[in-house]
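Chain by chain, the residues run as shown.
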Amino acid sequence: MDYALRLVAEIKENRSDFAIGICGSGQMMAITANRFPFMRATLLHTPAESVHAREHGDANMLVLGADTLDDDDDEHILKTFLDTADLGVQSRGQVDRV
């Protein structure tokens, strides 16, 4: 949980646009980060989820469960997350409602 709070601080203070957190299941890290209104942390299991999280949810924190994925999956999810842009105006209404 402390690590998640450090990542949140990096984004809050504009030292980073994205954060990447890895822990056992990833659940508590995502829950902790999402307590803050400017955070959009997402726990992902597939590259396809990365696309949706970035395009439609403008996710700014990727969370991976170390106990639930293998290294190849982690790398593909991370690359997809970083290479995918949000849809801007098209997704802004959804993000703002959250």
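Now for a quick tour of the structure.

Mapping phenylalanine 81 onto the fold places it in helix α4 (residues 71-83). Taking the relative accessible area as the measure of exposure, phenylalanine 81 reaches 0% and is therefore buried. Separated by 30 residues in sequence, phenylalanine 81 and valine 51 have C-alpha atoms that sit 6.5 Å apart. With near-sequence residues (within four places) excluded, phenylalanine 81 lies in contact with Phe18, Thr42, Leu44, Ser50, Arg54, Ala59, Asn60, Met61 and Leu62.

Another aspect to go through is the packing of helix α3 (residues 47-57) against α4. At their nearest, the axes of α3 and α4 sit 8 Å apart, and the two run at 25° to each other. The orientation of α3 relative to α4 falls into the category roughly parallel. As for the relative orientation of α3 and α4, their crossing is right-handed in sense. Within the contact between the two elements, α3 uses Pro47, Ser50, Val51 and Arg54 and α4 uses His76, Ile77, Thr80 and Phe81. For the contact of α3 with α4, a count of residues per class yields 4 nonpolar, 3 polar and 1 charged.

What follows is about the pattern of salt bridges. One pass over the full model with this rule turns up 5 salt bridges. The residue arginine 15 makes a salt bridge to glutamate 13 at a minimum N-O spacing of 2.5 Å. When its relative accessible area of 49% is taken as the criterion, arginine 15 is described as partly exposed. On the basis of relative accessibility, which here comes to 47%, the residue glutamate 13 falls in the partly exposed class. Of the charged contacts in the structure, one is a salt bridge between aspartate 58 and arginine 40, with a shortest N-O distance of 3.2 Å. Placement of aspartate 58 in the loop between α3 and β3 (61-65) and of arginine 40 in the loop between α2 (27-33) and β2 (41-43) is noted, with a sequence separation of 18 residues between them. You can call arginine 40 partly exposed: its relative accessible area is 25%. In this structure, a network of salt bridges that share partners links the residues Glu10, Glu13 and Arg15.

About the cut-offs
Residues numbered from 1 in each chain as written. Predicted model: local features only at pLDDT ≥ 70, side-chain atom pairs only at ≥ 80, totals over all residues. Heavy atoms only, no water. Helix = DSSP H or I, 4+ residues; strand = E, 2+ residues; numbered from the N terminus. Buried < 20%, exposed > 50% of the residue type's maximum accessible area, 1.4 Å probe, protein only. Contact = heavy atoms within 4.5 Å. Axes fitted to C-alpha atoms, helices over the stretch in contact; angles between N-to-C directions. Parallel < 35°, antiparallel > 145°, perpendicular 65-115°, else oblique. Left-handed = near helix turned anticlockwise from the far one by under 90°. Nonpolar A, V, L, I, M, F, W, Y, C, P; charged D, E, K, R; others polar. Salt bridge = Lys/Arg side-chain N within 4 Å of Asp/Glu carboxyl O.

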